[in-house]
Amino acid sequence: MKYLSLLFLLGVLVCTVEQVVDGDDGGGPPDPPSYDYEEQEPNDELENAQAITVLPVWTSETIQGNHWLPADLDCYWFFLDPPLGVETISFNLILETDPSIMPKIKLYQSKYNAEGDVTGYKHKGTWVGEDGYLTLLNFDVEYDPLTNNDLLIELIPWGRLRDIPLPDDSYLLDFWCN
């Protein structure tokens, strides 16, 4: 009787196994990668920076963009809205692009006049990567609701950039806050 029960149990287990094939949808092409944001032109000056999202964001989000040769600045704008009482936001980014580029970024915050109009930009820092990579971790962005309420990124495909097409002219910019 024990053997019969064991054979029955074994038969039930064998019959309930399903074959699962990862990513097989009948032979069609794979789905294209999806990103949280895609670059939209014109965004080549701080004055026409592409609005992205409200910071802080606690999980990594990705912007996909393209460098247009010989040089293409790309600017992105983030509004700041941290929890009450917070005076700095810890911002992180990782930029990955063609290895022949030494990517460069500059961070800014808007300057305002008494009427609340943007009158210019405060330069917060410049960073240069190498071999297509740039990492910035734990950069403290000042916040107050009237004078330090945004963050702008100027992305510059810099150094060793040539006037011939790149094998891959796209970049991925991942960002998040701590």
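What you see as residue numbers is a count from 1 along each chain, following the sequence as written. Two thresholds apply to this predicted model, a pLDDT of at least 70 for residue-level local features and 80 or more for giving and counting side-chain atom pairs, whereas whole-chain, interface and lining totals are computed over all residues. The side-chain figures draw on all heavy atoms in the structure; neither hydrogens nor water molecules are used.

1. Brief notes about the pattern of salt bridges
- Salt bridges, as used here, are contacts in which a Lys or Arg side-chain nitrogen is within 4 Å of a carboxyl oxygen on Asp or Glu. What the rule picks out here adds up to 1 salt bridge.
- Residue E142 is joined to K124 by a salt bridge in which the shortest nitrogen-to-oxygen separation is 3.2 Å. In this pair, E142 is assigned in strand β8 (residues 133-142) and K124 in strand β7 (residues 118-128), connecting sequence segments 18 residues apart.
- Overall, E142 belongs to the partly exposed group, its relative accessible area being 38%.
- A 1.4 Å probe rolled over the protein chains alone gives each residue an accessible area, and that area as a share of the maximum for its type sets the label: buried under 20%, exposed over 50%, partly exposed in between. Since its relative accessible area comes to 26%, K124 is described here as partly exposed. By the criteria applied, helices consist of DSSP H or I runs no shorter than four residues and strands consist of E runs no shorter than two, each listed in order from the N terminus.

2. Details of the confidence of the model for the protein chain
- As a per-residue measure, pLDDT tells how confident the predictor is, with possible values from 0 to 100. Across the protein chain, pLDDT averages 85, with 79% of residues at or above 70.
- This model gives residues 1-21 a pLDDT under 50, and the stretch forms 0 contacts once residues within four places in sequence are excluded. Should any heavy atoms of two residues lie within 4.5 Å, those residues are counted as being in contact.

3. Focus: the side chain of Q64
- Summarising the element assignment, Q64 is placed in strand β3 (residues 61-66).
- The class of Q64 is buried, set by a relative accessible area of 11%.
- Apart from the residues lying within four places of it in its own chain, the contact partners of Q64 are Y35, Y37, E38, E39, S170, Y171 and L172.

4. A short note on unusual backbone geometry
- Omega for the peptide link from E41 to P42 comes to -5 degrees, which places this bond in the cis form.
- Topologically, P42 is positioned in the loop between β1 (37-38) and β2 (50-55).
- In the segment running from L55 into P56, the intervening peptide bond is cis, with an omega of 15 degrees.
- Relative to the helices and strands, P56 is located in the loop between β2 and β3.
- The backbone phi angle of N138 is positive, close to 60 degrees, even though this residue is not glycine.

5. Quick notes on the sheet that holds β7
- If DSSP finds at least two bridges between two strands, the strands pair. Taken in spatial order, the 5 strands line up as β2-β4-β9-β6-β7 in an open sheet, and their pairing is mixed. Both edges of this open sheet fall to β2 and β7, since each of them pairs with a single strand only. Here the average twist between neighbouring strands, direction ignored, is 25 degrees.
- Summarising the sheet, strand β6 (residues 102-112) and β7 pair through 9 bridges and their orientation is antiparallel. Orientation is described by lines fitted to C-alpha atoms, with helices fitted over the stretch in contact, and by angles between N-to-C directions that extend from 0 to 180 degrees.

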